[in-house]
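Examining the three-dimensional arrangement
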Amino acid sequence: MENEKSAREILDTFGSYTSLTKGVSMWPLLYNQRDNIIVVKNKDRLKKYDIALFERKNGQLVMHRVTEVHDGYYYIVGDNCISGEKVTDDMVLGVLSGFYRRGKHYVDCENGRAQKIYAKIWVALAPLRPLLLKAENLGRRIKRLIKGKNNG
């Protein structure tokens, strides 16, 4: 569609943007094609633990968590990622204010106490994430092997 507006245009015009999630980088918080996000235009600089919607130089929209705040940039990492990237203020479109899990239950990311605790724990566990992901992959392989033996 030619008249389809970009996320940046929608945020600039209306101050908020909603969309269905796409991708797995923010799992286990957000699930691919299941949760409806609500992004608002940020009025100030982002804070540690905020979840930013930003646009990469190639035009790709990404939603990841701020883990470090520096002068002129942020270090941002997806909850399901091992490495992050530097994101400058001009790349940031907005911040996740909340989302609807499965289109029903609203989760408040700005004021929700559970989300604030989750964010702090998840960021603190970042150095262990590679080990956790390897353990998860190993668990999946073992499960497939067991299923294969039971079916064969």
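For the structure given in this document, a descriptive report is provided here. Being a predicted model, the structure only gives us computed values, none of them experimental. Note on numbering: residues in each chain are counted from 1, in written sequence order. Whole-chain, interface and lining totals are the exception, using all residues; otherwise, since this is a predicted model, local features are given only for residues with pLDDT of at least 70 and side-chain atom pairs are given and counted only at 80 or more. As a rule here, side-chain values cover all heavy atoms of the structure and leave hydrogens and water aside.

Moving on, we come to unusual backbone geometry. Trp 27 connects to Pro 28 through a cis peptide bond whose omega is 10°. Counting from the N terminus, the helices are the DSSP runs of H or I reaching at least four residues and the strands are the DSSP runs of E reaching at least two. In this fold, Pro 28 is placed in the loop between β1 (16-20) and β2 (36-40). Within the chain, Gln 33 stands out as a residue other than glycine whose phi angle is a positive 60°. Its location among the elements puts Gln 33 in the loop between β1 and β2. If you check the backbone angles, Arg 102 has positive phi at about 55° while not being a glycine. Considering the arrangement of structural elements, one finds Arg 102 in the loop between β7 (92-101) and β8 (105-108).

Membership of the largest hydrophobic core comes to 18 residues, with the highest contact counts inside it found for Leu 30, Val 39, Leu 53, Met 63, Leu 96 and Phe 99. Elements with a contribution of two residues or more to this core: α1 (7-14), β2, β3 (51-55), β7 and α2 (113-124). Per-element tally for this core: the top contributor is β7, with 3 residues. The contact criterion used is simple: two residues touch if any of their non-hydrogen atoms lie within 4.5 Å. For Leu 30, the contacting residues outside a window of four places in its chain are Thr 21, Asp 35, Ile 37, Met 63, Leu 96 and Phe 99. Take the buried Ala, Val, Leu, Ile, Met, Phe, Trp, Tyr and Cys residues and link them wherever side-chain atoms come within 4.5 Å; each set so joined is a nonpolar core. In this scheme, a residue with accessible area under 20% of its type's maximum is buried, one over 50% is exposed, and one in between is partly exposed, where area comes from a 1.4 Å probe on protein chains only. Grouped together as the second largest cluster of nonpolar side chains are 11 residues, Leu 46, Phe 54, Val 66 and Val 95 included.

A few words on the environment of Asp 50. Relative to the elements of secondary structure, Asp 50 occurs in the loop between β2 and β3. In this structure, the C-alpha to C-alpha distance between Asp 50 and Ser 25, residues 25 residues apart in sequence, is 15 Å.

Glancing now at the environment of Ser 83. Relative to the helices and strands, Ser 83 resides in the loop between β5 (73-77) and β6 (85-88). Non-local contacts of Ser 83, meaning those with residues more than four positions away in its chain, are made with Tyr 75 and Val 77.

What follows deals with the side chain of Thr 67. For Thr 67, the location among the structural elements is in strand β4 (residues 61-70). Those residues within four positions of Thr 67 in sequence are excluded, and the remaining contacts are Lys 48, Tyr 75, Val 77 and Val 123.

A word on the state of the cysteines. Cysteine sulfur atoms are paired as a disulfide whenever they fall within 2.5 Å. Inspection of every chain in the model, using the stated rule, returns 0 disulfides. Of all cysteine sulfurs, the one in Cys 109 lies closest to Cys 81, which takes part in no disulfide; the gap is 17 Å.

Here we take up the packing of aromatic side chains. Centre distance within 6.5 Å is the pairing criterion for rings of Phe, Tyr and Trp, where only the six-membered ring of Trp is used; planes under 30 degrees apart are then read as stacked, over 60 as edge-to-face, and the remainder as tilted. Scanning the model with the defined rule gives 3 aromatic pairs in all. On the numbers, 5.0 Å between centres and 55° between planes, the contact of Tyr 100 with Tyr 106 is tilted. For Tyr 100, a relative accessible area of 33% corresponds to the partly exposed category. Considering the side-chain rings of Tyr 118 and Trp 122, the 5.7 Å spacing of their centres and the 15° angle between planes classify their relative orientation as stacked. Of this pair, Tyr 118 and Trp 122 both sit in helix α2, 4 residues apart, which is roughly one turn of the helix. As far as burial versus exposure is concerned, Tyr 118 and Trp 122 are alike and both buried. For Arg 34, the ring lying beneath its charged end belongs to Tyr 31, and the centroid distance is 4.0 Å. Here the guanidinium or amino end of Lys 86 rests over the ring plane of Tyr 73, the centre of that ring lying 4.7 Å away. A ring is scored as having a charge over it whenever the NZ atom of a lysine or the CZ atom of an arginine sits within 6 Å of its centre and within 35 degrees of its normal.

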